[in-house]
Amino acid sequence: MERQCWGYLLVLSYLFQTLSAHSDFYTSIGHMTDLLYTEKDLVTSLKNYITAEENKLKQVKQWAEKLDVLSAIAMQDPEGFLGNPVNAFKLMKRLNTEWGDLESLVLKDTKEGFISNLTLQRQHFPTDEDQTGAAKALLRLQDTYRLDTNTISTGDLPGVTHKSPMTVEDCFELGKIAYSEVDYYHTELWMEQALKQLDEGEESTVDKVTVLDYLSYAIYQQGDLGRALELTKRLLMLDPEHQRANGNLKYFEFQLINQRKAQAQEAQKAQEEGKERRKRLTSDASKKKKRFREPVPERKMYEMLCRGEGIKLTPRRQRRLFCRYFDNHGHPKYLLSPVKQEDEWDRPYIVRYHDIISHGEIEKVKELAKPRLRRATISNPITGVLETAPYRISKSAWLTAYEHPMIDQINQRIEDLTGLEMDTAEELQVKYEPDAFKELGTGNRIATWLFYMSDVAAGGATVFPDVGAAVWPKKGTAVFWYNLFPSGEGDYSTRHAACPVLVGNKWVSNKWIHERGQEFRRPCGLNETA
């Protein structure tokens, strides 16, 4: 849906494009940026080490060349050469002193500075868990946005600025991580990509035998015995003595024979049941299919909306959405300078405010929040303890109105535009609650105000699966909706989720506004859902 519009708080979430360790590097571009500077420093240190080694090698090479010439002359007539007392003296000097100096030069430890720096920086390096988390995040993006492995490997992602192709080693490592997670589907995808690049002639330390070993087993685990057998035979053509492949070959052949027998028996049994019965079953199934339309599973709807598919807004409904200048019924602050308001959705009613937070305010909010960014948590359904989850990779911080005058100004702006009291609004964020309308001591959450503090190159939408709505990030804007009907009943159509960022990073900040204090600002309605 595109329409041309004219011309805390605060919960702040910082999402990584594409899960947990001591520092959770993979969850935050902010922390990963620090790693880039660390790597740059290490590269500088490494180049200094190389320069020192090259200078040392240059001196050794000059010494060797000089002695090579001298030795060639001396060996033509050794006795005559040493008959010259100067040559005899210089030979003694070289062997007694200069070769010792050369030994000291060769043994000189030029790597000390580099090793010391590397050891110092290593304590800040990501761990195996971070690497696994980054791999899982990439696989999640692949599934959500239906990206084929070749598109990712060649770096041709939508909206990407810094294209970064993947090597055979990269593809193999991704497949190996999926394998260790018993994710044979993604193991197959990425081992196939590694094999494809090897077949195309890319040089690599990873050989085809190793890739085929993983690939054939992953395919077998998914039930495709014929293809697993074919790949195993290809592996044995490259390495006839491969012990595991020879064992797998016999096992796959045996299983394939049994599978074909079972399939033949099932086919014969179905044939014996009679064509008429099959026709009747087909007819009944067809009628049932026409009569009952299966609902789209929520996860599938979520992913479709993230890709911009499945949005349920008819042209007739879309024509009822407008843009306007908004002063909240003549509010003194906005009477002469109303804000730009755009209807994003009709049911539930979602509006967007344009140019509602300035670049300077955004930067100040980021500055205040960055030191406090922490992984978002969920409540363990068994223990009730808050903990991180691999699928929840946002990081959050909380800012109060007392910390900086600008936060108080932003809170006041939300109050002026919504007409709702901010004194009972949340300052602490609790994510993924079992009940979206849980009692928190200040009444239920009556409304949500969400600032978008960055543009996102690709991905990162806020989607509402129950109604097929999607709202896309746009820096400087905010969206607002009510979570409760005027009656106080929960409007479950406002259940929403954030799509993963495909390319770029996403900063958002939101204010959850509560019932208490709104008695005269939003009077209770008598109709349960109105």
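Residues numbered from 1 in each chain as written. Predicted model: local features only at pLDDT ≥ 70, side-chain atom pairs only at ≥ 80, totals over all residues. Heavy atoms only, no water.

Chemist: Explanation requested: the overall build of the protein chain in the structure shown.
Modeler: Helix and strand content of the protein chain: 16 helices and 16 strands. Counting all 530 residues of the protein chain, 42% fall into the buried class. When the accessible surface of the protein chain is totalled, it reaches about 30600 Å², and 54% of it is carbon and sulfur. (Helix = DSSP H or I, 4+ residues; strand = E, 2+ residues; numbered from the N terminus. Buried < 20%, exposed > 50% of the residue type's maximum accessible area, 1.4 Å probe, protein only. Areas by Shrake-Rupley, 256 points an atom, 1.4 Å probe, with all protein chains shown as cover.)

Chemist: Would you mind showing me how to read the pattern of salt bridges here?
Modeler: Using the criterion set out here, one finds 25 salt bridges in the structure. In this structure, the salt-bridge partner of Glu181 is Lys136, at a minimum N-O distance of 3.2 Å. Here Glu181 is found in the loop between helix H7 (168-180) and helix H8 (184-199), whereas its partner Lys136 is found in helix H5 (residues 128-144), with 45 residues between them in sequence. A relative accessible area of 40% places Glu181 in the partly exposed class. (Salt bridge = Lys/Arg side-chain N within 4 Å of Asp/Glu carboxyl O.)

Chemist: Teacher, can you tell me more about the packing of H7 against helix H9 (residues 208-221) here?
Modeler: To characterise two packed helices, one gives the angle between the axes of the helices and the distance between these axes. As a packed pair, H7 and H9 sit with axes 11 Å apart at the nearest point and diverge in direction by 35°. Between H7 and H9 the crossing geometry is left-handed. Here Phe172, Lys176 and Tyr179 of H7 come into contact with H9, specifically with Thr210, Val211, Tyr214 and Tyr217. Here the contact of H7 with H9 is composed, by residue class, of five nonpolar, one polar and one charged. (Axes fitted to C-alpha atoms, helices over the stretch in contact; angles between N-to-C directions. Left-handed = near helix turned anticlockwise from the far one by under 90°. Contact = heavy atoms within 4.5 Å. Nonpolar A, V, L, I, M, F, W, Y, C, P; charged D, E, K, R; others polar.)

Chemist: What is the right way to read the nonpolar core from this model?
Modeler: Taken as a class, soluble globular proteins show a tendency for nonpolar side chains to be buried jointly. Membership of the largest hydrophobic core comes to 47 residues, with the highest contact counts inside it found for Tyr145, Trp190, Val211, Val463, Cys499 and Leu502. When residues of this core are traced back to their parent elements, those giving at least two are H5, H7, H8, H9, helix H10 (225-238), helix H11 (243-272), helix H13 (298-306) and strand E15 (501-503). Aside from chain neighbours lying at most four places away, what touches Trp190 is Leu139, Gln142, Thr149, Ile152, Ser153, Met166, Cys171, Leu174 and Gly175. Listed in part, the 32 residues of the second largest apolar core include Tyr353, Ile407, Leu420 and Ile513. (Core = buried A, V, L, I, M, F, W, Y, C linked by side-chain atoms within 4.5 Å.)

Chemist: Help me out: how do you make sense of the side chain of Ser45 in this one?
Modeler: Locating Ser45 in the fold gives a position in helix H1 (residues 29-74). Leaving out residues up to four positions away in the same chain, Ser45 has contacts with Gly113, Phe114 and Asn117.

Chemist: Before we go on, may I ask you to explain H9 in this structure?
Modeler: Given 3.6 residues to a turn, an α-helix orients residues that are three or four positions apart in the same direction. Here H9 spans 20 Å end to end across 14 residues, near enough to the 20 Å set by a 1.5 Å rise per residue. Listed in full, the buried residues belonging to H9 are Val209, Val211, Leu212, Asp213, Leu215, Ser216, Ala218 and Ile219. Buried residues along H9 sit in contact with H7, H8, H10 and H11. At the N-terminal boundary of H9, the capping side chain belongs to Asp207, with an oxygen 3.1 Å from the backbone nitrogen of Val209. Looking at the residues trailing H9, positive phi occurs at Gly223, about 95°. (Expected span 1.5 Å × (residues − 1). Polar contact = N/O pair within 3.5 Å; in protein donor to acceptor, adjacent residues only side chain to side chain.)

Chemist: Explain the environment of Thr110 to me, please; I cannot follow it from the model alone.
Modeler: Here Thr110 lies in the loop between helix H3 (85-107) and helix H4 (112-122). Its relative accessible area of 16% is what places Thr110 among the buried residues. The residues touching Thr110, leaving out its near neighbours within four places in the chain, are Tyr49, Ala52 and Glu53.

Chemist: Mind showing me how you'd approach the environment of Arg413 here?
Modeler: Here Arg413 is to be found in helix H16 (residues 405-418). Separated by 80 residues in sequence, Arg413 and Lys333 have C-alpha atoms that sit 9.4 Å apart. Contact partners of Arg413, with chain neighbours within four places excluded, come to Tyr334, Ile356, Ile357 and Glu361.

Chemist: Which parts of the structure should I look at to understand the packing of H8 against H9?
Modeler: In contact at an axis separation of 9 Å, H8 and H9 are set at 150° when each is read in the N-to-C sense. Here H8 is positioned roughly antiparallel relative to H9, judged by the angle of their axes. Note on packing geometry: the crossing formed by H8 with H9 is left-handed. Each of Tyr184, Thr187, Glu188, Met191, Glu192, Ala194, Leu195, Leu198 and Asp199 in H8 lies in contact with H9, whose residues at this interface are Lys208, Val211, Leu212, Tyr214, Leu215, Tyr217, Ala218, Ile219 and Gln221. Residue classes in the contact of H8 with H9 are distributed as 12 nonpolar, two polar and four charged. (Parallel < 35°, antiparallel > 145°, perpendicular 65-115°, else oblique.)

Chemist: I would appreciate a short explanation of the UniProt feature "repeat: TPR" (unreviewed entry) in the protein chain in the present structure.
Modeler: UniProt feature "repeat: TPR" (unreviewed entry): in the numbering of this structure it lies at residues 209-242. As annotated, residues 209-242 has a helix share of 79% and a strand share of 0%, and its two end C-alpha atoms lie 9 Å apart. (UniProt positions renumbered as here; feature names shortened; annotations may be inferred.)

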